[in-house]
Amino acid sequence: MGQVDLLPLLRDQPVFIQRLIIDIFPFVVALLIILLLRWLLTAILLRPLRAIVLRSPSEIDDRLVEASISPLRLAVVGFSLFLVTEIFAFDVNVEELARMLARAILVASVFFAIVCWFDVVSLQPTAFRRMTGWTIPERLLPFLNTVVKFLIVALGAIFVLQELHFDVAALIASLGVVGIGISLASQDTVSNMFGFAAIVSDNPFKVGDFIKTPTVTGIVETVGVRSTRVRQLDQALVTVPNNLLTNAVVLNWTRLEKRRLDATLNFTYNTSSEQLRAAVGEIRELLENTEDIDPESVIVHFVDFDSSSLNVRIICQVLRSDWREFTALKESVFLEIMGIVERLGIDFAFPSRSIYIESVPDNKKDTDQILRAMQAQPDSPTVGDDKPPQDPDQPPAAAGSTES
């Protein structure tokens, strides 16, 4: 049955109007079917479903329903194409093309729904551990979610292309050749992406940690897919590729649980053994009774006779990882030690050298020799006078020389 038989009013119209209406009429009917199905979808299915999920205490079902709206609307378009091809008698080629497009749209709507649902549920550490028994860091979740979504989209594209009668095998082979070239050109980018995965999974540092590597020292500001940004102590921002960080030795100062205090006190040699013994005992007692210092780690001993001092070594573990707190405690301890040393009447030594002269020459005899030498040479200049011109061929006389 043709469109003219379905529309008797067209029989009395001119031929060109009949052709125009016949060409436009299927599209109008398809649009009306789409609008009708969308209304039915909203009024009959979605509204009752929303009312049901609103009674649930969980928000996931509400988000799943909202995420299903766009895929359902896309599926309505494909279903409408099927209805239009069944209602109207199109050309065989047109019907085949319409059905092929309808199938492709329906398949695309299915994978579109899977992607939308995955955005709602995504990968969660607890659910992933429950299903697989593996534990994944939360910082790695965005990267893994992106990879899973990419795989879903790629699989959906393959099914859609199959419905459109494309040679998927040849296309994949062509993409494989292209992929080899792309991988060779972007191997640094790929290595940086795997470096990001290694950083997130191994967790050698996180944002806010103070790290030291052979190439950079500073505070980690961001950890990206391609690179990591580190703020140096001079406030310069350094961008380091992730593959360099994964292959480098990273010293993370923020992960310290305690810091080592190691100092050497230098006392003068006029310190008596009683004073030194008292100083060592009081300093050891001070450190053992100081809060945030591990008393089991305290070591205070007289260790060395140095060239200009008596050395006392102090070693202990401070239970403060923050550098500011550590230096504040170190300052407080050193001031207390200075008070102990001052109270015991001990002086701190500084690098010095003493010179002992066993015999002193007769100054009067030397003075007489110099005076006799000056009298023997009346033309010799005195201190402060200009030197007289001298014969260039005659060597200069040694200053202060005397005859034997």
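The rules behind these values
- Residues numbered from 1 in each chain as written.
- Predicted model: local features only at pLDDT ≥ 70, side-chain atom pairs only at ≥ 80, totals over all residues.
- Heavy atoms only, no water.
- Pairing = 2+ DSSP bridges.
- Helix = DSSP H or I, 4+ residues; strand = E, 2+ residues; numbered from the N terminus.
- Axes fitted to C-alpha atoms, helices over the stretch in contact; angles between N-to-C directions.
- Contact = heavy atoms within 4.5 Å.
- Salt bridge = Lys/Arg side-chain N within 4 Å of Asp/Glu carboxyl O.
- Buried < 20%, exposed > 50% of the residue type's maximum accessible area, 1.4 Å probe, protein only.
- Core = buried A, V, L, I, M, F, W, Y, C linked by side-chain atoms within 4.5 Å.

The antiparallel open sheet is built from three strands, whose spatial order is S6-S8-S7. Across the chains shown, the open sheet's two edge strands, defined by having one partner strand only, are strand S6 (259-267) and strand S7 (299-305). Put simply, the sheet's adjacent strands are angled 20° from each other on average, direction ignored. Pairing of S7 with strand S8 (residues 310-318) involves six bridges; the strand directions are antiparallel. What sits directly across from valine 300, in S8, is isoleucine 314. On top of the sheet, helix H10 (residues 273-288) reaches S6, S7 and S8; it is set at about 150° to S7, its chief contact.

Quick look at the environment of phenylalanine 267 now. The residue phenylalanine 267 is located in strand S6 in this model. Remark: the alpha-carbon pair of phenylalanine 267 and phenylalanine 348, spanning 81 residues in sequence, is separated by 4.5 Å.

Okay, the pattern of salt bridges next. This structure, assessed with the given rule, holds eight salt bridges. Between aspartate 209 and arginine 255 there is a salt bridge, with its nearest N and O atoms 3.4 Å apart. One end of the pair, aspartate 209, is in the loop between helix H8 (187-202) and strand S1 (210-212); the other, arginine 255, is in the loop between strand S5 (251-252) and S6, and 46 residues separate them in sequence. Since its relative accessible area comes to 2%, aspartate 209 is described here as buried. Judged by relative accessible area, which is 37%, arginine 255 ranks as partly exposed. The partner of aspartate 262 in a salt bridge is arginine 313, with the nearest N and O atoms 2.8 Å apart.

What follows is about the nonpolar core. Of all hydrophobic cores here, the largest spans 25 residues; its most connected members are Ile283, Leu287, Ile293, Val300, Ile314 and Ile337. The set of elements that each furnish at least two residues to this core consists of S6, H10, S8 and helix H11 (323-343). Excluding its chain neighbours within four sequence positions, the residues that come into contact with isoleucine 293 are Leu287, Val298, Cys316, Gln317, Val318, Leu329 and Val333. Grouped together as the second largest cluster of nonpolar side chains are eleven residues, Phe196, Ile199, Val200 and Phe205 included.

The subject of this paragraph is the sheet that holds strand S2 (residues 217-223). Strand order in the open sheet formed by five strands is S4-S3-S2-S1-S5, and the pairing between neighbours is antiparallel. The sheet is open, and its two borders are formed by strand S4 (237-241) and S5, each paired with just one other strand. Across five bridges, the pairing between strand S3 (residues 227-232) and S4 is antiparallel. Counterpart to arginine 229 in the pairing with S4 is threonine 239.

A positive phi is found at glutamine 235, a non-glycine position, where the angle reads about 70°. Within the secondary structure layout, glutamine 235 lies in the loop between S3 and S4. Positioned with a positive phi, aspartate 292 is a non-glycine residue whose angle comes to about 70°. Within the element layout of this structure, aspartate 292 appears in the loop between H10 and S7.

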